[in-house]
Amino acid sequence: MECIIKTISQPETLSCQCLVIPIFTDGKLSRAAKHIDKSTDGSLRSLVKRGDIEGKPGQALMIPSVTQVKAERLLLIGCGDGKQIKESDFFKLVDQLYRQLHSCKIKDATALLDEISVHGRDKSWINRQLAIKGQLGSYRYSKTLSKPKPAFELKRLTLDGKVDKKQRAATRQGKAIADGMNLARELGNLPGNICTPAYLAKQAQSLARSHKSLRTSIIEEKKMRELGMGALLSVTAGTDQPAKLIVMQYQGAAKTSKPHVLVGKGITFDSGGISLKPGAKMDEMKYDMGGAASVMGTMSAICELGLKLNVVAIIAAAENLPSGSATKPGDVVTSMSGQTIEVLNTDAEGRLVLCDALSYAARFKPASVIDIATLTGACVVALGSHATGLFSNQDDFASELLKAGNEVNDRAWQMPLWDDYQPQLNSNFADMANIGGPEAGSVTAACFLSRFTRKFRWAHLDIAGTAWVSGVNKGATGRPVGLLTQYLIHQSGN
């Protein structure tokens, strides 16, 4: 969907399939509504007076035919009292706006929302969110459906407002973020028999062919053995699908500029291995590559934006299945760092692939390192599906990521990473165990990763609760592409 900004002074003269008009509470009409009301002989005041729409955020009234204006339809949308509204109310009205446009199969609409003000936010934030929400709405999963649902038809949304560089950048960034999220959603939604480690590798190579600023290389298992990646290889020991370490390098700045590194957990299906998961909802373990999907979506977004910085993406892609050759509880493996790990639970496999990928990241002499993983059910218990768990060895780094997530409504919450938790990983037979017991599971998982990142400016994002939703609307969310992209936008100086 194309989202453009245009200064509109006479809405009654606009030719489009639908004109979106704000309506405020207490019978107040917006400036745009007053223009249309005058052109239609007081029809809007009449509708408000008889209670057809009260102006509450999220209320909507579609007028399918109007004769005194050039627009084919009018969509009246409730926008509160005409003062600053809460973010939650803003999202209510935006969701309703797109729901109405899609239900009527509108291809071209103009939204006169310049009077809308959101508490603590500026116009560029509003326009970025409108672009994100509109582009996200264009996504429909169809790969394995014989009769897929019709695609949304909205192709262009014109926004009323001041036309300047900042506003154009906001809509452009919003579209790029949403495109990246939609790529991540598609990869996440694909079944495990299609989206294998090899499939992820091919998608990364395809993305590189589309962008001159990006190059991709694939490290195979033979090379992993030479590098000493015993932790990663222990996860893939039980499957016939070869693991892949996918390395994507984006160059938008001078070669001497230190890159920011994104490391994604790419377990394309997680059965738990010998520590087999319960059967209920095991199908959702196709989403265990949500970290890898978000990394690939973020790389797509920064390529689209042409950010002036260097970024390296490392995706540790593998399957975790049980077989006669699978790693057993109690086995001891040696990581690329040389540290040994007692595998007490083969279902705690994400940290095993990540620790070797994080060790590999050191060769790029990174400015920052962020790993992203659907790592622990404990994080879902702690934070639910609203916030991503954020751990970092530097509080100022955590603050930068929290700020970026808040700016694009892809929020995270900082969790403790205290040394007090480290003894839970003690082992009698190795340098550490891969689990820390039932208490503070998401924290001890992050503590495990911290042992491989002491030399980095590092953060860990646990997206187990935010990467997908269950139930009737089951599907990948594309998070945290927004947070990651916004962080990199800030780092690039845009």
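Summarised in this report is the structure supplied together with it.

What counts, and at which threshold
- Residues numbered from 1 in each chain as written.
- Predicted model: local features only at pLDDT ≥ 70, side-chain atom pairs only at ≥ 80, totals over all residues.
- Heavy atoms only, no water.
- Buried < 20%, exposed > 50% of the residue type's maximum accessible area, 1.4 Å probe, protein only.
- Helix = DSSP H or I, 4+ residues; strand = E, 2+ residues; numbered from the N terminus.
- Pairing = 2+ DSSP bridges.
- 1 Å grid on protein atoms, 1.4 Å probe; cavity = no way out; pocket = protein on both sides within 12 Å on 5 of 7 lines; lining within 4 Å.
- Points joined across faces, edges and corners; volume = space filled by probe spheres on them.
- Nonpolar A, V, L, I, M, F, W, Y, C, P; charged D, E, K, R; others polar.
- Polar contact = N/O pair within 3.5 Å; in protein donor to acceptor, adjacent residues only side chain to side chain.
- Phe/Tyr/Trp six-rings, centres within 6.5 Å; stacked < 30°, edge-to-face > 60°.
- Axes fitted to C-alpha atoms, helices over the stretch in contact; angles between N-to-C directions.
- Contact = heavy atoms within 4.5 Å.
- Left-handed = near helix turned anticlockwise from the far one by under 90°.
- Disulfide = S-S within 2.5 Å.
- Parallel < 35°, antiparallel > 145°, perpendicular 65-115°, else oblique.
- Salt bridge = Lys/Arg side-chain N within 4 Å of Asp/Glu carboxyl O.

This part is about the pairing of strand S14 (residues 340–343). Residues Thr-340 and Glu-342 line one face of S14 and the alternating positions Ile-341 and Val-343 line the opposite face, and both faces are buried. Sheet topology places strand S13 (residues 331–334) next to S14; 4 bridges connect them, and they run antiparallel. Opposite Asp-331, over in S14, you have Val-343 as the bridge partner. Taken together, S13 and the strand that follows it, S14, pair antiparallel across an intervening segment of 5 residues, in which Gly-338 is found at a positive phi of about 95°. In the sheet, S14 pairs with strand S18 (residues 432–433) via 2 bridges, with the strands oriented parallel. Looking at S18, one finds that Glu-342 is bridged to Ala-433.

Quantified by volume, the largest pocket comes out at close to 1600 Å³. Leu-136, Arg-185, Val-469, Ala-476 and Thr-477 are the residues nearest the centre of the largest pocket, which is lined by 45 residues in total. Put simply, the parts of the chain that give the lining of the largest pocket at least two residues each are helix H3 (87–103), helix H4 (123–136), helix H5 (165–189), strand S20 (468–469) and strand S21 (475–476). Broken down by element, the lining of the largest pocket gets its largest block of residues, 8 residues, from H3. Tallied by class, residues from the lining of the largest pocket come to 18 nonpolar, 14 polar and 13 charged.

Looking at where Gln-422 falls in the secondary structure, it is placed in the loop between strand S17 (412–414) and S18. A relative accessible area of 15% places Gln-422 in the buried class. Polar contacts involving the side chain of Gln-422 include one to the side chain of Arg-451, which spans 2.8 Å.

Applying the stated criterion across every chain, the model contains 8 aromatic pairs. With 5.8 Å between their ring centres and 70° between their planes, Phe-91 and Trp-125 make a pair best called edge-to-face. One end of the pair, Phe-91, is in helix H3; the other, Trp-125, is in helix H4, and 34 residues separate them in sequence. The exposure class assigned to Phe-91 is buried, which follows from its relative accessible area of 10%. Assessed through its relative accessible area of 2%, Trp-125 is described here as buried.

Next up on the list: the sheet that holds strand S19 (residues 458–462). Reading across the sheet, the 8 strands line up as S9-S10-S12-S11-S15-S19-S16-S17 and stay open at both edges, with mixed pairing between neighbours. In this open sheet, the two strands that pair with only one neighbour each are strand S9 (214–219) and S17. Each neighbouring strand pair of the sheet contributes to a mean axis angle of 20°, computed without reference to strand direction. Judged from the 10 bridges that link them, strand S11 (residues 260–270) and strand S12 (residues 310–320) form a sheet pairing that is parallel. Bridging across to S12, Lys-265 finds its partner in Ala-316. Contacting S9, strand S10 (244–251), S11 and S12, helix H6 (residues 197–210) crosses the sheet at an angle of about 15° to S10.

Let us look at the packing of H4 against H5. At a minimum axis separation of 7 Å, H4 and H5 run at an interaxial angle of 30°. When you trace H4 past H5, the crossing you get is right-handed. Looking at the contact of H4 with H5 residue by residue, the class counts come to 7 nonpolar, 8 polar and 6 charged.

Inspection of the entire model under this criterion finds 0 disulfides. There is no disulfide at Cys-3, and the cysteine sulfur nearest it, in Cys-16, is 14 Å away. For Cys-3, a relative accessible area of 13% gives the class buried. Looking at Cys-379, it has no disulfide partner, and the nearest cysteine sulfur is the one in Cys-447, 13 Å off.

Turning to the sheet that holds strand S3 (residues 60–63), a few remarks are in order. Pairing is mixed in the open sheet, where 6 strands are placed in the order S1-S8-S6-S2-S4-S3. In the strand order of this sheet, the two ends are held by strand S1 (2–6) and S3, each with one partner. Neighbour to neighbour, the strand axes of the sheet diverge by 20° on average, direction disregarded. In the sheet, strand S6 (residues 108–111) pairs with strand S8 (residues 156–160) via 4 bridges, with the strands oriented parallel. When the bridges of S8 are listed, Asp-108 appears paired with Arg-156. Each of strand S2 (18–23), S3, strand S4 (74–78), S6 and S8 touches H3; the most contacted strand, S4, lies at about 160° to it.

Running from N to C, H5 and helix H14 (residues 481–492) point in directions that differ by 140°, and their axes come no closer than 9 Å. Judged by the inter-axis angle, H5 sits oblique to H14. In this structure, the crossing between H5 and H14 has a hand that is right-handed. Residues Gln-173, Ile-177, Gly-180, Met-181 and Ala-184 of H5 pack against Val-481, Gly-482, Thr-485, Gln-486 and Ile-489 of H14. Tallied by class, residues from the contact of H5 with H14 come to 5 nonpolar, 5 polar and no charged.

In this section: the environment of Cys-447. The topology assignment puts Cys-447 in helix H13 (residues 441–450). Under the relative-accessibility criterion, Cys-447 is labelled buried at 0%. It is 26 Å that separates the C-alpha atoms of Cys-447 and Gln-486, two residues lying 39 residues apart in sequence. The residues contacting Cys-447, other than those within four sequence positions of it, are Leu-417, Trp-418, Tyr-421, Gln-422 and Leu-425.

Let's shift gears to the pattern of salt bridges. By the definition in use, this model includes 25 salt bridges. Note that Asp-179 is salt-bridged to Lys-175, the shortest N-O span being 2.8 Å. Here Asp-179 pairs with Lys-175, and both are found in helix H5, just 4 residues apart, close to one helical turn. Given the relative accessible area of 30%, Lys-175 is considered partly exposed. Here Lys-277 and Asp-270 are joined by a salt bridge, their closest N and O atoms 3.6 Å apart. Members of the salt-bridge network, linked through shared partners, are Lys-175, Asp-179 and Glu-304.

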